[in-house]
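Structural overview
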Amino acid sequence: MSWGSWICCEKVAILHGGFLLAKEQSQHKTLLEMKKSEWATLGKPIVGAVREICAANSDTAQDLAETKQWQRKVLAFVWAKLLNSNGSGTNIKEERDSDAESDRRWKEDLFFSVESMIPEINRTVLFELVKSLGASEVFVELLSTLPADLCHLEMTRFVDHVLDGTSDDDVAIFLDVWWELMKRNEGQRDEVVQTFGEEAKKYLARAPDEFCHTSKRLKLDPDLSPLSPLESLPRSSSNLSIPSLLLDGLKRLGSRINPYIYKCSALAKLSDTIYNSVLSDNRVELPVEEYLEKFSKLIALGNPVVQGFPVAESLIRCVKEAERELRICCRKSAFRLLPGALTSGIETLADLFQSWAPVLQTEPETGTDLQKRSLTMYRTAQSLQCLSEICPVLQNSTMVSQEAKKSLSDLLLNSTSFVQKIATYVSLADAAATDKVKFYVAMTIIDGRMERYAEICKIFASSPVWAFSEDSWLNCLERNRDVFHDTDLVLRLAGTLKDASTCRVNETPKVKRLMNVVLGCLSALSIPDKNKALLGVLSSYGSKGLCRDGGAFKACFEEEVNMVFNSITQGDAASNIDKAATAVARVAFLNPEATLQKTCHLAAVNLGAHKLLGRILKSLPALSFEDSQSSDELSILARCLLEAAWDKFATTKEENQFLEFLTSLMEPGEKIDEEPPSPLLQPADAIKIFVLPYLIESNPGIEFPLKILNSALKLPVTDDGTKEHWLLACCPFPLVFALSQLLDHCILCWEDSNKTSNHISIDTKGLLIETLDMVCTVVEQIMSVNPETWSTSVCWLYRKTERLDWTVRLWLKSIFGGHFKYEVPATLFEVCDLSDDGWSPLNLPQYGPGTGLLAWMECCCISTHMTEQMLSHLTIDAKSVEEVNMFSKGFLVALIQVLPWCSSSEWRRLNHVAKNLLQRELLHVPYTLEYVHYMPLLNLRPFAHHLQFSQLLLRAFQLICSCSCSDWLSTPGWKYAARQCAASMSDILESVRCKLKGHGAQNPDGSQEATFVVMQLFCHVIHIMVMMPSGTSESLYYVSLELLSQYETLTAANTSTCALLSKVDEKHFLHSIAENLTNEEQRSVLLQKISKIC
């Protein structure tokens, strides 16, 4: 600390002058010999000088702080002078005066220059100066920096000084010092005080033995605080308890205390000291409401002007002082009586009360300052009440004598009427004024971040009476936004905002200001805390949140919601998901339901936004809140999803995007706090809401529920296997039966949808089969845990499926397991060697003679496992030409009967069956020279099955497109058949490509064979296109383009003369084939592409 700026200044000169004038007035005596009675005369110049130094220019906090700082400096100078002098008045350093010593003191002794200006003095000057200035707080600050032994010694001198010719002012300073010692807080010390303590320790280190005036030398410990907890004091210092010293002083002083308020004050101080000495370390703090109530009473009683018009700076000082006072009863204090002194303390308190009882029961002096009287009496009543609270502890204490316990009981009994009488003297203003004081106290505590300010914020935030009634309330919130970044406070503010806005419709600007503060505080919360806040709003106000009753909230929401979602969908929100989640949380806080409706709508219609919106919602799981007041028992999220799902999609793209969004909500979200990540929308809930109610035969929009069920089943199950599968909560067996019914009606897929209510498209059939297979797999897993439990359900399902097509039960075989045999048409046994153990014949009228291969082929469609069984059990004599020929013809007929009703997966299985039979030479497909003018000298054996399968498809479509079958299918049916054929042709082409890559090294000229095969495939495709009804072969047209591209790739590498000549002939041939197309546009494109082949 730089002391030069104020040690050598005008104010120090004034101090010097005051002491010189006092010395001059003492005539031939020195100030070292001054007596207490002489202070009124000799001390007058000193007091005048000090008051001039400490005089404040104004009542501002800065000037008052400067005043107290100079009080510290002056008292530090005076006390340092005393500490640096020996008992005879001879300066210690003067005894060893030398140039070197003086030089050292100028450099090291911060007080040297000022001490030199002060004449030799005694402690009467110090104590009387403290009394004259009313500087008890500064006195205690400086006292507390001294080592324990010296502190006790100085305090002993102070008490002796008070007892010498005691006046009312002496009693007052004695009680004030006691009060300050009790309020003292071990916090950060002022720099002047800290420096004084350090210099004092230096003096003590250099002091000779004669420094101490006591006959017994004191062993000074510079590191021991005089007010340390009693248990930390060494045994040798146990008799240095300052509370005990004060207690002894009060005993001797009791008969000299005359004023009524001093008697009350003395009783309060001693009661509080006993109270603090008894309380355990685990004392319970006052409830914050009671704390604020006491706070406000102390302020109002001690400063009546506050009740009318609080002055900011004076109020701050009052609040800080009241805070120090309340700390006495709220915190453990080092200022405690030694256990052995408790008895003496209680007896002294009882004796004083008894001796003063006649005076205390009378009405206090009318001349007493009303403000001081009311405050002192209130404190006394509070202290006695606190003492009564710990009476049971004292009564059970072994440290208190029986006589003292009896005295305490009598005291508390006799003090009851006194406490009641005090209540009649202590008057507060009306309730409204008191509440106003409480408001300003709360605001001051928050502004100053004083003790328990966080708890005070709760009262401040949840008081509708204060909101808007004072402009300062809203101003305080805006100044202290950071203090209110707490979930509970945000919710309290929201409740206050709601209440205030309802009552003050004409104060919309203020409502908006408060709303901005609340939303700002919400934005500052962490994601977990934002969710807690959203949950609080939903619990209190329901799905519409603060906008439930409209008003300013609704206007604010509508203004902000568009801005928020525009910034999310058009900006770079994906790079900062927390920021985007915060923006959504703000509007959701105002109106959760409308926010979710907007989110769900945008997830469908805004291209690409669904992924980001899904991530945002998963970070705000509170929005899946289940409103107990809702009649449909749905969460608000589920309700909004449901509203967005049905009949709202303009395109398939929107539907698929919304499906992705919905699926993402069923996936586990991010980990929030210590909670494990869980889906925002549980799969089971999604199925109950979006699937089960719509699985009815007449529902036209069954595809979307099936997609949801399919997506949910594909989600990984992340539990450890100890939990039941979520499908168990979705009535799995009725669900299986409902899906089975839908599958049974797939036979009507090519019926006019306007004529049948059971119409299910062929594309939906593929989705249905895949979904049913997944459901059966899960149900099988569920049953495997405890099969006996499910036997009744299995039998129920078996009976319910009896009326359905026989193939349905084959789909459900994984559920039926060993309970039931495979039940198939009896004609299947004519073409398969099936055992009676696992297979059972059904006599079905629609499966007459010759339909065995049809039933066999339908079984092949069921699953890969069933396909392998059918192939292994097929009974054909491969050596019998007639049998193979008949089988091949029957296979072709059965194929065309099944093809239009096969899903994509079923058709792929039949493709596999055909290829297997061709490889085993059980299926005879003669390859004609219909499109070959000459057979080239090529090795076509590696591609024989490719050509045969292509020929098989050609023959199948020749049958389908014949006159007898021309009206067999509707236009969509023809298009679907063409699509199936196109898929097979594409597979054949891909297989040719793979074959070419695999055998290229052994057969460098393999491209010629591949070229021939590609040309044949092109011819077959064009032939089929020509046969099909107009406008139904578009998918085959795309395959023909793909074949031409492959032909161009194969022939481009060979640039020999012969190859070029062959290409001319081949292009002419391809050109002649393509000319047969009836569709002019398709023909023109193909011919143009052929002509461009180089």
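Residues numbered from 1 in each chain as written. Predicted model: local features only at pLDDT ≥ 70, side-chain atom pairs only at ≥ 80, totals over all residues. Heavy atoms only, no water.

1. Brief notes about the overall build of the chain
Secondary structure assignment for the chain yields 49 helices and two strands. A buried classification covers 54% of the 1094 residues belonging to the chain. In the chain, 77% of the contacts between residues at least 6 apart in sequence involve partners at least 24 apart. (Helix = DSSP H or I, 4+ residues; strand = E, 2+ residues; numbered from the N terminus. Buried < 20%, exposed > 50% of the residue type's maximum accessible area, 1.4 Å probe, protein only. Contact = heavy atoms within 4.5 Å.)

2. Some points on helix α9 (residues 148-163)
Its 16 residues give α9 an end-to-end C-alpha distance of 22 Å, which sits within 8% of 22 Å, the value for a rise of 1.5 Å per residue. Phi turns positive, to about 60 degrees, at G165, one or two residues after α9. (Expected span 1.5 Å × (residues − 1).)

3. Regarding empty space enclosed by the protein
Once rolled over the atoms, a probe with the size of a water molecule shows which space is left empty. The final tally for this structure, using the stated rule, is four cavities of 30 Å³ or more. The computed volume of the largest cavity comes to approximately 210 Å³. Around the largest cavity, the lining comprises 15 residues; the ones closest to its centre are D272, E325, C329, Q382 and S383. For the lining of the largest cavity, the secondary-structure elements that each account for two or more residues are α13 (260-278), α14 (288-302), α16 (312-330) and α18 (370-389). In terms of residue count, the dominant contributor to the lining of the largest cavity is α18 (five residues). A per-class count over the lining of the largest cavity returns eight nonpolar, three polar and four charged. Volume-wise, the second largest cavity comes out at about 50 Å³. Together, Y798, R809, L810, K813, F816, F820, K821, Y822 and E823 line the second largest cavity. Elements represented by at least two residues in the lining of the second largest cavity include exactly α38 (806-811), α39 (813-816) and β1 (822-825). For the lining of the second largest cavity, a count of residues per class yields five nonpolar, no polar and four charged. (1 Å grid on protein atoms, 1.4 Å probe; cavity = no way out; pocket = protein on both sides within 12 Å on 5 of 7 lines; lining within 4 Å. Points joined across faces, edges and corners; volume = space filled by probe spheres on them. Nonpolar A, V, L, I, M, F, W, Y, C, P; charged D, E, K, R; others polar.)

4. Quick notes on the nonpolar core
Counting residues in each nonpolar core, the largest one holds 369 residues, and the members touching the most others are F460, F484, F589, W856 and F891. Residues contacting F484, with those up to four places away along its chain left out, are I446, C457, F460, A461, L477, L489, V490, L493 and C521. (Core = buried A, V, L, I, M, F, W, Y, C linked by side-chain atoms within 4.5 Å.)

5. As for the environment of I616
Tracing the backbone shows I616 in helix α30 (residues 609-618). Of the residues examined, I616 reaches a relative accessible area of 2% and is grouped as buried. It is 6.7 Å that separates the C-alpha atoms of I616 and I577, two residues lying 39 residues apart in sequence.

6. A few points about the confidence of the model for the chain
Summarising the model, the chain shows a mean pLDDT of 85, and 86% of its residues fall at 70 or more. In this model residues 86-96 is a low-confidence stretch, pLDDT under 50, and it forms 23 contacts with partners more than four residues away in sequence or in other chains. Predicted confidence for residues 209-239 stays below pLDDT 50, and this span has 57 contacts to residues more than four positions away or in other chains. (pLDDT = per-residue confidence, 0-100.)

7. So, the environment of L474
Topologically, L474 is positioned in helix α23 (residues 471-479). Under the relative-accessibility criterion, L474 is labelled buried at 3%. Those residues in contact with L474 that sit more than four places away from it in its chain are F468, K510, R513 and L514.

8. So, the packing of helix α26 (residues 527-541) against helix α28 (residues 577-590)
Contact geometry of α26 with α28 gives a least axis separation of 10 Å together with a crossing angle of 15 degrees. One way to sum up the angle between α26 and α28 is to call them roughly parallel. Where α26 crosses over α28, the two elements pack in a sense that is left-handed. Here α26 contributes I527, K530, A533, L534 and V537 to the contact with α28, which in turn contributes D578, A581, T582, A585, A588 and F589. (Axes fitted to C-alpha atoms, helices over the stretch in contact; angles between N-to-C directions. Parallel < 35°, antiparallel > 145°, perpendicular 65-115°, else oblique. Left-handed = near helix turned anticlockwise from the far one by under 90°.)

9. Looking at unusual backbone geometry
Backbone geometry follows two general trends: most residues other than glycine have a negative phi, and most peptide bonds adopt the trans configuration. Located in the positive-phi region is R452, a residue other than glycine, with phi close to 65 degrees. Residue class for R452 comes out buried when judged on its relative accessible area of 12%. Its identity as a non-glycine residue notwithstanding, C731 has a phi of 50 degrees, on the positive side. Relative to the elements of secondary structure, C731 occurs in the loop between α34 (703-714) and α35 (732-744).

10. Some thoughts on the pattern of salt bridges
Side-chain pairing between opposite charges can occur once the charged atoms of the two side chains come close. Across all of its chains, the model carries 37 salt bridges by this definition. For the salt bridge of E137 with K68, the shortest nitrogen-to-oxygen distance reads 2.6 Å. Taken together, the residues span a long stretch of sequence, with E137 in helix α8 (residues 136-143) and K68 in helix α4 (residues 61-83) at a distance of 69 residues. Judged by relative accessible area, which is 27%, K68 ranks as partly exposed. R979 is paired through a salt bridge with D763; the nearest N and O atoms lie 2.5 Å apart. Residue R979 is found in helix α45 (residues 971-998), and its partner D763 is found in helix α36 (residues 762-785); the two are separated by 216 residues along the sequence. (Salt bridge = Lys/Arg side-chain N within 4 Å of Asp/Glu carboxyl O.)

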